[in-house]
Amino acid sequence: MKDQHAQPKKAAIRMFSRLTALLTAAAITLTPMAARAQQGDIRLLRDAEIEQLLRDYTRPILRAAGMEKQNIQIVIINNASFNAFVADGRRIFVNHGALMQSQTPNQLIGVLAHETGHLAGGHLSKLRQRLAEAQTSMIVAMLLGVGAMAAGARGGSTNNSMGNIGAAAVAAPQAMLMNTMLAYQRQHEENADRAGVGFLNKTGQSAKGMYETFQRFSSDSLFAARGSDPYMMSHPMPRERVAALEGLAKSSPYWDKKDDPALVLRHELMRAKTAGFMEQRDTVLRRYPPTDTSLPAQYARAIATYRHGDLSVAIAQIDQLIKAQPTNPYFYELRGQALLEGGKPNEAIAPLRRAVQLASNAPLIEMMLGQALIASGNNAYTDEAIRILKGAIAREGEAPAGYQQLAMAYGRKGELAEADLASAQAAFLRGDNKTARDLASRAKARFAVGTPGWVKADDIVAAKVAGKN
């Protein structure tokens, strides 16, 4: 009889575990995605120009939300589907597909305002708390149902009704919890809509873009064509919600306000850059045919040409971009990147220096300049490369490429302890725990005990040990 009690209990626990996993995935899809991003299961995209544009989009919204000092980061995911979500209270994740599919700055700003509404409302932590509270009640209800099922099993066929009652008692709390949590999620979505519109109103921006985006995702035809789109899955949009958003957005005095033309151009350049780097050359040329002489189209074609074609032709195209906008740092960055990846690091140094000068604060471009200085093979540049890379890393500490270039520079100078430490830090950021620990251990042996380098290396070793326990 003890085993008969144990079997229904185990089955119920397995059932409960599956339901919990399902609810977590359905209601907070963002959490596992963020974890995978940190673990390297999905790829993140880094670009100085696009990240600066997204910061410019979100800065006034965060200020309106009272979150401007909370160091909220925008993280771009290498995924072509339309999606954006919050994960941990300090980051907004955006697929590059959302960048491409947002036809105006206002549409993307509306999505970012909605996600900021989730952050400001603490929705993720509240949802987790509600799930935990619901689990306790569900466990009690399920165990009562398990008891009835066990009683039915003991009584044999004469107690089939008792077993059926027990099975129903087990199933009922599952359905109730699912309905409760999905309703709670819908409430969060509606609250984020209202908050997002409020932030846009405070910053004198239209909510039309938010409404246009959500209306597009609520249409029956789009849902049928793209039923597995993650944005539709994690942001349920019943018609009532979209109608409420429409009324709220149209009541704003800024409903008809247009995006600034300069911002529109930056947005189009961002979309063109994303297409140039993420799509095949033929696709880029269909999207931006040679008959399109706009600056964004020239940008996309120049990128596609350098990535898939003749470097000299690409450089000529990039020079035309620079001629059109001689103070645009990202055109110089592109020239330097094309030359560097084309095996001409010496020629890449000058445009990258100019890009750094014009961008003022662009650690990712500084790291590329450091890479060009090292790749030039000129030892006279080594100290400059170390200085530039250390400065960039101090402001952008989550770019493993910067540490890897720094390791090469230290290695060239024969400073092996510093080289091992920088290599360990690069491996640490890549998630290569074993390599990071091995290199950090070797660095510790080369540094004097208690020195800053020894302490940093020890931290990496300790972190890896802790991660194994």
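Everything quoted here is computed from the prediction, not taken from an experiment.

Thresholds, definitions, all that
Residues numbered from 1 in each chain as written. Predicted model: local features only at pLDDT ≥ 70, side-chain atom pairs only at ≥ 80, totals over all residues. Heavy atoms only, no water. Helix = DSSP H or I, 4+ residues; strand = E, 2+ residues; numbered from the N terminus. Buried < 20%, exposed > 50% of the residue type's maximum accessible area, 1.4 Å probe, protein only. Contact = heavy atoms within 4.5 Å. Areas by Shrake-Rupley, 256 points an atom, 1.4 Å probe, with all protein chains shown as cover. Phe/Tyr/Trp six-rings, centres within 6.5 Å; stacked < 30°, edge-to-face > 60°. Lys NZ or Arg CZ within 6 Å of the ring centre and 35° of its normal. Core = buried A, V, L, I, M, F, W, Y, C linked by side-chain atoms within 4.5 Å. Pairing = 2+ DSSP bridges. Polar contact = N/O pair within 3.5 Å; in protein donor to acceptor, adjacent residues only side chain to side chain. Expected span 1.5 Å × (residues − 1). Arc of directions from axis to C-beta. Salt bridge = Lys/Arg side-chain N within 4 Å of Asp/Glu carboxyl O. pLDDT = per-residue confidence, 0-100.

**A few points about the overall build of the protein**
Then, number 1: Each helix and strand in the protein was counted, giving 23 helices and 4 strands.
Then, number 2: Here the protein holds 469 residues, and 47% of them are scored as buried.
Then, number 3: Long-range contacts, defined as pairs at least 24 residues apart, comprise 64% of the intrachain contacts of the protein with a sequence gap of at least 6.
Then, number 4: A total accessible area of about 22200 Å² is found for the protein, and carbon and sulfur atoms account for 54% of it.

**Re the packing of aromatic side chains**
Then, number 1: Within this structure, the stated rule accounts for 4 aromatic pairs.
Then, number 2: Ring geometry for Phe 85 against Phe 93: centres 5.2 Å apart, planes inclined by 10°, an arrangement best described as stacked.
Then, number 3: For Phe 85, a relative accessible area of 1% gives the class buried.
Then, number 4: Note on Phe 93: relative accessible area 1%, which makes it buried.
Then, number 5: A centroid spacing of 6.1 Å and a plane angle of 50° characterise the contact between Tyr 211 and Trp 255, whose relative ring orientation is tilted. Residue Tyr 211 is located in helix α8 (residues 208-218), and its partner Trp 255 is located in the loop between α11 (239-250) and α12 (261-278); the two are separated by 44 residues in the primary sequence.
Then, number 6: On the basis of relative accessibility, which here comes to 14%, the residue Trp 255 falls in the buried class.
Then, number 7: Its end group placed over the ring of Tyr 332, Arg 354 keeps NZ or CZ at 5.9 Å from the ring centre.

**A look at the nonpolar core**
Then, number 1: Core analysis: the biggest nonpolar cluster contains 59 residues, and Tyr 299 and Ile 365 have the highest contact counts within it.
Then, number 2: The contacts of Tyr 299, once residues within four sequence positions are left out, are Glu 49, Leu 269, Ala 272, Lys 273, Leu 321, Tyr 330, Phe 331 and Leu 334.

**Considering the sheet that holds strand β4 (residues 91-95)**
Then, number 1: The strand order β1-β2-β4-β3 describes an open sheet built from 4 strands, whose pairing is mixed. In the strand order of this sheet, the two ends are held by β1 (44-45) and β3 (84-86), each with one partner.
Then, number 2: One ladder, built from 3 bridges, connects β3 with β4; its direction is antiparallel. Note that in β4 the partner of Ala 84 across the bridge is Val 94.

**Some words on the side chain of Thr 58**
Then, number 1: Relative to the elements of secondary structure, Thr 58 occurs in helix α3 (residues 48-64).
Then, number 2: Residue classification places Thr 58 among the buried residues on the basis of a relative accessible area of 5%.
Then, number 3: Polar side-chain contacts of Thr 58 include one of 2.9 Å to the backbone oxygen of Leu 54.
Then, number 4: If sequence neighbours within four positions are ignored, Thr 58 has contacts with Ile 74 and Leu 112.

**Looking at helix α15 (residues 311-324)**
Structural remark: α-helix, 3.6 residues per turn; residues separated by three or four positions point the same way.
Then, number 1: Taking 1.5 Å of rise per residue, the 14 residues of α15 would be expected to cover 20 Å, and the 20 Å separating its terminal C-alpha atoms lies within 8% of that figure.
Then, number 2: Residues of α15 that are buried include every one of Leu 311, Ala 314, Ile 315, Ile 318, Leu 321 and Ile 322, and no others. Buried positions in α15, seen along its axis, are confined to an arc of 110° and lie on one side of it.
Then, number 3: Elements in contact with the buried residues of α15: α14 (295-308) and α16 (329-341).

**Side note on the pattern of salt bridges**
Then, number 1: With the rule as written, the count across this model stands at 23 salt bridges.
Then, number 2: With a closest N to O distance of 3.3 Å, Glu 268 and Arg 271 form a salt bridge. Residue Glu 268 and its partner Arg 271 are both found in helix α12; the two are separated by 3 residues, about one turn of the helix.
Then, number 3: The class for Arg 271 is buried, based on a relative accessible area of 15%.
Then, number 4: Among the ionic pairs, Glu 384 bridges to Arg 353, the shortest N-O distance being 2.4 Å. Linking Glu 384 in helix α19 (residues 382-395) with Arg 353 in helix α17 (residues 345-359), this pair joins segments that are 31 residues apart in sequence.
Then, number 5: Judged by its relative accessible area of 18%, Glu 384 is buried.
Then, number 6: What you see here is one network of salt bridges that share partners, running through Asp 47, Glu 49, Lys 273 and Glu 333.

**A short note on the environment of Gly 336**
Then, number 1: Residue placement: Gly 336 occurs in helix α16.
Then, number 2: Once the C-alpha coordinates of Gly 336 and Ile 365 are considered, the two residues, 29 residues apart in sequence, prove to be 9.6 Å apart.
Then, number 3: When neighbours within four sequence positions are excluded, Gly 336 is seen to be in contact with Ala 348, Pro 351 and Leu 352.

**Let's talk about the confidence of the model for the protein**
Then, number 1: Looking at the protein, the pLDDT average stands at 81 and 72% of residues meet or exceed 70.
Then, number 2: Every residue in residues 1-40 scores below 50 in pLDDT, and together they form 55 contacts with partners more than four places removed in sequence or on other chains.
Then, number 3: Here residues 165-172 scores under 50 on pLDDT; set against residues more than four positions off or in separate chains, the count is 11 contacts.

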